[in-house]
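So the chains spell out like this:
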Amino acid sequence: MDLLIPGTGLFLWQLIIFLILFFFLKKFAWKPILQSLKIREESIQNALDSAEKAKMEMGQLKAENEKLLEEARVERDRILSEAREVANSINEAAKVDAGKAADKMIADAKIAINTEKEAAMADVKSMVADLSLQITEKVIRKQLQDEASQKALIEDFVKDLKLN
Amino acid sequence: MTFYTPSKKLMNLFRLVLVAILFCSSNFTANAASGEGHGEAFSPGDMIMHHVKDSHSWHFVDGHYGTLHLPVIVYSADRGLEVFSSSNFYDEQHNTVAYNGYELSHGHISLVDSEVKVWDFSITKNVAMLFINAALMIFIFMAVAKAYKKNEGKAPKGIQSFIEPIIIFLRDEVIKPNIGHGYEKFMPYLLTLFFFILFGNLLGLLPGAANLTGNIAVTMVLALLTFIVTNFSGNKNYWSHIFNTPGVPLALKPIIVPVEIIGIFTKPISLMVRLFVAITAGHIVILSLISLIFIFSSIYVGIGSTIIVLFINLIELLVAGIQAYVFTMFSSLYIGLATEEHH
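The structure displayed is predicted, hence computed values, not measured ones.

**Q** Which parts of the structure should I look at to understand the overall build of chain A?
**A** Within chain A, the secondary structure is distributed over two helices and zero strands. In summary, chain A has a C-alpha radius of gyration of 65 Å against a globular reference of 15 Å for 164 residues, an excess of more than 25%.

**Q** Is there a simple way to explain the pairing of strand β4 (residues 80-85) of chain B in this structure?
**A** For a regular strand, side-chain orientation follows a simple rule: the groups alternate between the two sheet faces. Residue and element names in this part refer to chain B. Within β4, only zero of the six residues are buried, leaving the element largely exposed. Where strand β3 (residues 71-76) meets β4, six bridges bridge the pair, whose relative direction is antiparallel. Looking at the pairing, P71 lines up with S85 of β4. The turn linking β3 back onto β4 is made up of three residues.

**Q** Would you explain the domain arrangement of chain B in this entry?
**A** Size of an interface, as often reported, equals the accessible area lost when the parts are brought together. As assigned here, chain B comprises domain 1 (71-122) and domain 2 (126-339). On a C-alpha basis, the centres of domain 1 of chain B and domain 2 of chain B stand 33 Å from each other.

**Q** I tried to follow the interface of chain A and chain B on my own but got confused; where do I start?
**A** In this complex, chain A contributes 29 residues to the contact, which on the side of chain B involves 39 residues. Taken together, the residues of the side of chain A that touches chain B break down into 20 nonpolar, six polar and three charged.

**Q** Where do I start with the sheet that holds strand β7 (residues 118-120) of chain B in this structure?
**A** The strands that make up a sheet are held in pairs by hydrogen bonds between backbone atoms, and each pair lies either parallel or antiparallel. All names here are of chain B. If you walk across this open sheet you meet the three strands as β4-β3-β7, and the pairing is antiparallel. Every other strand in the sheet has two partners, leaving β4 and β7 as the edge strands with one partner each. Each neighbouring strand pair of the sheet contributes to a mean axis angle of 25 degrees, computed without reference to strand direction.

**Q** Quick question: what am I supposed to make of the packing of helix α9 (residues 253-296) of chain B against helix α10 (residues 299-339) of chain B here?
**A** Residues and elements named next belong to chain B. At their nearest, the axes of α9 and α10 sit 10 Å apart, and the two run at 175 degrees to each other. One element, α9, and the other, α10, form an angle in the roughly antiparallel class. When the residues that make up the contact of α9 with α10 are grouped by side-chain class, the tally is 20 nonpolar, six polar and three charged.

**Q** Would you take a moment to explain the pairing of β3 of chain B for this structure?
**A** Pairing between β3 of chain B and β7 of chain B: three bridges, direction antiparallel. Each residue of the ladder has a partner; that of S76 of chain B, found in β7 of chain B, is V118 of chain B.

**Q** Would you take a moment to explain the nonpolar core for this structure?
**A** The nonpolar side chains of a soluble globular protein tend to be buried with one another. Counting 64 residues, the largest nonpolar core has V144, L190 and F194 of chain B as its most contacted members. Taken together, the elements giving at least two residues each to this core come down to α1 (8-143) of chain A together with α4 (125-150), α5 (159-179), α6 (187-204), α7 (216-232), α9 and α10 of chain B. Counting 10 residues, the second-largest nonpolar core is a separate cluster that includes I284, L289, I290 and V309 of chain B.

**Q** Would you mind showing me how to read unusual backbone geometry here?
**A** Peptide bonds are trans in most cases, and residues, glycine excluded, mostly fall at negative phi. Residue and element names in this part refer to chain B. Residues other than glycine seldom take positive phi values, yet N100 does so here, at roughly 55 degrees. Mapped onto the fold, N100 is located in the loop between β4 and β5 (102-105). Taking the C-beta count within 10 Å as the criterion, N100 has 13 such neighbours and is therefore assigned partly exposed. Of note, S297 is a non-glycine position whose phi angle comes to about 45 degrees, a positive value. Counting through the fold element by element, S297 comes out in the loop between α9 and α10.

**Q** Whenever I open this one, the confidence of the model for chain B confuses me. Can you help?
**A** Keep in mind that low pLDDT regions are not for reading the predicted coordinates in detail. All names here are of chain B. A residue-level look at chain B finds 88% of positions with pLDDT of 70 or above and a mean pLDDT of 85. Low pLDDT, under 50, characterises residues 1-6; the stretch is placed with six contacts to residues that sit more than four places away or in other chains. Predicted confidence is poor over residues 23-39, with pLDDT under 50, and the contacts of this stretch with residues over four places away or in other chains come to 30 contacts. We note a pTM of 0.73 for the whole complex and an ipTM of 0.83 for its interfaces.

Criteria and cut-off values
Residues numbered from 1 in each chain as written. Chains lettered and ligands numbered in written order. Predicted model: local features only at pLDDT ≥ 70, side-chain atom pairs only at ≥ 80, totals over all residues. Helix = DSSP H or I, 4+ residues; strand = E, 2+ residues; numbered from the N terminus. Rg over C-alpha atoms; globule rule 2.2 N^0.38 Å. Buried ≥ 20, exposed ≤ 12 C-beta atoms within 10 Å, placed from the backbone. Pairing = 2+ DSSP bridges. Domains from an automatic or database assignment. Contact = placed C-beta atoms within 7 Å. Nonpolar A, V, L, I, M, F, W, Y, C, P; charged D, E, K, R; others polar. Axes fitted to C-alpha atoms, helices over the stretch in contact; angles between N-to-C directions. Parallel < 35°, antiparallel > 145°, perpendicular 65-115°, else oblique. Core = buried A, V, L, I, M, F, W, Y, C linked by C-beta atoms within 7 Å. pLDDT = per-residue confidence, 0-100.

And the structure:
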């Protein structure tokens, strides 16, 4: 039965020593240990969090880069198509201009040719007239070299005169 | 690197302790048991009780220098406070004698010629063991705390890495799940409790050591402290559960309320008895198996017994951890029930 009866002395000593041990360890052991554990766990957690954050930021950056790249691609395509359009329109305009110029030149040439032609025709006419006069003169002269023909001619004239 | 050397020493000490537990305790107890028996018939019951119970002297081995006589501190209304060595109670032939009007009989000190109650505050075997336990804890946990200061923000090392997983296990698997919100407040008490019991249990397994955590006074103090912590941190919800149990018909209340009130006390009593019984029973089993050798006085029984004792010792190592865990777990469970918020 002795075994089951708590001794007063041991009870008291146990109470005193345990309480001293508790307060001592609380102040000098558990507090710094638990504090350090907490700090270390927090720092590990922070490191993990920041790694996760960095990963996310990287992903975001990548997405942004891709977006930028896509935008750049679209922009390039737009610029290219615009340039093509501009080039086409310039070509078109140039073609039209060239056609117009050619037409004008042709028209001008036609006018010039006509003028030249008319001038040449006038020249030809006057030359023909001159030539025909000279020929007529020569022909008449030749015909009127003898007396008889001169007489005939005059008679002719006279005949005509009679009629008038 | 200055820290590394003591930690290495400490680890060596641990190894030594383990080896000692495994191989020497059976030898020692056998040796001590033989001492019990000489001169008269061997009585296993007396031998076992002598080993399990507290004493005013610490018996290591037989012979004149094998016993450490511890100081006796007594107080009585008549005589006041008196301090003397317990060796005064023994004569040359190891018979108990009266000293200075005091006599020691079956571990109790009383006055020879007076019926006045004598309060015995002696440094008994268990009190000395208690000092050793406390000193060892302070030594180890100061070293651990120092290591945290030294290796701040670094990986643990040395004894620190031995203790740290235990602390984290207790925090994350025992204390936090049982108490929940506000568990930090109870961490120092529960950690002290766990390591006190664990160290006490392990030291108790050492050859020649006292059965500290298998003493009902010790477990009573621990249970009492848990009782105090639990009921002083009990919130409105806890008390209303006891005195006005919700969901119970009025007619049943006269039955339920007393049961709940008894429950307040049965919890710490179960803690007290469980630890006391588990540790004392373990010691008794080992000592009984050792006694077999002396009862049968046979070498074969000796070999068989020693092998069984070796395995029981291994089981006792396990029990040392389990009982410390269980005590801490139930303490945190009771505290958790008392601080639980209404939901």
